[in-house]
Amino acid sequence: QLVESGGGLVQAGGSLNLSCLASGRAYSILDRGWFRQAPGKEREFVGSINWTGSNTYYGDSVQGRFTISRDNAKNRIYLQMNSLKPEDTAVYYCAALTKGGVVTTADVRYWGQGTQVTVSS
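The structure contained in this document is the topic of the report that follows. (Residues numbered from 1 in each chain as written. Predicted model: local features only at pLDDT ≥ 70, side-chain atom pairs only at ≥ 80, totals over all residues. Heavy atoms only, no water.)

This part is about the pattern of salt bridges. Summed over the entire model, instances satisfying the criterion amount to 3 salt bridges. In this structure, Asp88 engages Arg36 in a salt bridge whose closest nitrogen and oxygen atoms are separated by 2.9 Å. With Asp88 in the loop between strand 8 (76–81) and strand 9 (90–97) and Arg36 in strand 4 (residues 32–37), this pair connects stretches of sequence that are 52 residues apart. Taken as a pair, Asp88 and Arg36 share a single burial class, namely buried. The residue Arg65 makes a salt bridge to Asp88 at a minimum N-O spacing of 2.8 Å. Separated by 23 residues along the polypeptide, Arg65 in the loop between strand 6 (56–58) and strand 7 (66–71) and Asp88 in the loop between strand 8 and strand 9 bring together distant segments of the chain. Accessibility assignment for this pair places Arg65 and Asp88 in one class, buried. Salt bridges sharing partners connect three or more residues here, namely Arg36, Glu44, Arg65 and Asp88. (Salt bridge = Lys/Arg side-chain N within 4 Å of Asp/Glu carboxyl O. Helix = DSSP H or I, 4+ residues; strand = E, 2+ residues; numbered from the N terminus. Buried < 20%, exposed > 50% of the residue type's maximum accessible area, 1.4 Å probe, protein only.)

A positive phi angle, close to 55 degrees, is found at Asn75, a residue other than glycine. Within the element layout of this structure, Asn75 appears in the loop between strand 7 and strand 8. Exposure remark for Asn75: the relative accessible area of 14% places this residue in the buried category. Phi is positive for Ser83, close to 50 degrees, though the residue is something other than glycine. Note on placement: Ser83 falls in the loop between strand 8 and strand 9.

Strand order in the open sheet formed by 4 strands is 1-3-8-7, with antiparallel pairing between adjacent strands. The sheet is open, and its two edges are formed by strand 1 (2–5) and strand 7, each paired on a single side. Within this sheet the neighbouring strands show an average axis-to-axis angle of 15 degrees, counted without direction. Bridge count between strand 7 and strand 8: 6 bridges; the pairing is antiparallel. Each residue of the ladder has a partner; that of Arg70, found in strand 8, is Ile77. (Pairing = 2+ DSSP bridges. Axes fitted to C-alpha atoms, helices over the stretch in contact; angles between N-to-C directions.)

Purely geometric stuff here, so don't read any function into it on its own.
Right, dumping it as structure tokens:
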């Protein structure tokens, strides 16, 4: 089970830090990632991190603003979001992946339930 937290309402230019807790030690050996889905749009790749935390990958729209990290001892991954824009408004989903790198929804093994992020202008 994957459970996200940390979403909320923030003004443009602000920051939020999302967290995803995984229940079960098996998650520590899986690549993990974040996706997001805005109303009326397809679910979009945000970023991923390999199981050691040594490699990260990002979607073009968040590159340079968002940072993914993980703490396997706590079974958590994090998404630090800086310089937020109104177009970042979406439900953010944590995912356990079947492969690393820049991935699609077809590469997701498990999904979290999502957490809402709203950026006001």
